[in-house]
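In case you want the letters, here they are:
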Amino acid sequence: QLQLVESGGGLVQAGGSLRLSCAASGSIFSIMTMAWYRQAPGKQREFVARINPGDFSYYADSVKGRFTISRDNAKNTVHLQMNTLKPDDTAVYYCNAVNVGHDYWGQGTQVTVSS
């Protein structure tokens, strides 16, 4: 019922910015809580940010003040604006959509931050 496709990843220098996008195909996007997770090689997947249908957002301490999550329900899209990037932000970033009885994941997009 909902497919998620991430885009916008790439290679940037430390201190730079990237904006990730997650495009959803389906009829239930507006009632989903959307989130971004990331996973670095050899590490477990970790929570980054989420935004609920009422536009309440919450961030991991590691990205608070640097990343901003937003959604555009008219376009079925969620974004992650990433500023002041650090090498430790290097990971595959995954889009997630959750509601009661639903849990969807995108395929991931690579973000690499170099010094």
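Everything that follows concerns the structure shown earlier in this document.
All of the points below concern the structure found in this document.

Each value, and the rule that gives it
Residues numbered from 1 in each chain as written. Predicted model: local features only at pLDDT ≥ 70, side-chain atom pairs only at ≥ 80, totals over all residues. Heavy atoms only, no water. Salt bridge = Lys/Arg side-chain N within 4 Å of Asp/Glu carboxyl O. Buried < 20%, exposed > 50% of the residue type's maximum accessible area, 1.4 Å probe, protein only. Helix = DSSP H or I, 4+ residues; strand = E, 2+ residues; numbered from the N terminus. Pairing = 2+ DSSP bridges. Axes fitted to C-alpha atoms, helices over the stretch in contact; angles between N-to-C directions. Phe/Tyr/Trp six-rings, centres within 6.5 Å; stacked < 30°, edge-to-face > 60°. Lys NZ or Arg CZ within 6 Å of the ring centre and 35° of its normal.

### Structural notes on the pattern of salt bridges
And step 1. Under the counting rule described, the total for this entry stands at four salt bridges.
And step 2. The partner of Arg38 in a salt bridge is Glu46, with the nearest N and O atoms 2.8 Å apart.
And step 3. Under the relative-accessibility criterion, Arg38 is labelled buried at 5%.
And step 4. By relative accessible area, Glu46 is classed as partly exposed at 36%.
And step 5. Between Asp89 and Arg66 there is a salt bridge; the shortest N-O distance is 2.8 Å. With Asp89 in the loop between strand E8 (77-82) and strand E9 (91-99) and Arg66 in the loop between strand E6 (57-59) and strand E7 (67-72), this residue pair connects regions lying 23 residues apart in the sequence. Comparing Asp89 with Arg66, the two get one shared label, buried.

### Digging into the sheet that holds strand E1 (residues 2-7)
And step 1. Taken together, four strands build an open sheet; the order of strands is E1-E3-E8-E7 and the sheet is antiparallel. Whereas interior strands pair on both sides, the edge strands pair on one side only; in this sheet they are E1 and E7. Going from strand to strand, the sheet's axes swing by 15° on average, the running direction of each strand aside.
And step 2. Here six bridges tie E1 to strand E3 (residues 18-26), and the two strands are oriented antiparallel to one another. Pairing of Val5 across the sheet is with Ala23, part of E3.

### Points about the packing of aromatic side chains
And step 1. Enumeration over the complete set of coordinates arrives at three aromatic pairs.
And step 2. Clustering of aromatic rings is evident, with ring pairs tying together Tyr37, Phe47, Tyr58 and Trp105.
And step 3. Sitting over the ring of Tyr94, Arg45 keeps its end group 3.7 Å from the ring centre.
And step 4. Here Arg45 stacks its cationic end above the ring of Trp105, 4.8 Å away from the centre of that ring.

### Side note on unusual backbone geometry
And step 1. Of note, the phi angle at Asn76 is positive, near 50°, even though the residue is not glycine.
And step 2. In this fold, Asn76 is placed in the loop between E7 and E8.
And step 3. Classification of Asn76 as buried rests on a relative accessible area of 18%.
And step 4. Backbone geometry places Thr84, a non-glycine residue, at a positive phi of 50°.
And step 5. When you line up the elements, Thr84 lands in the loop between E8 and E9.

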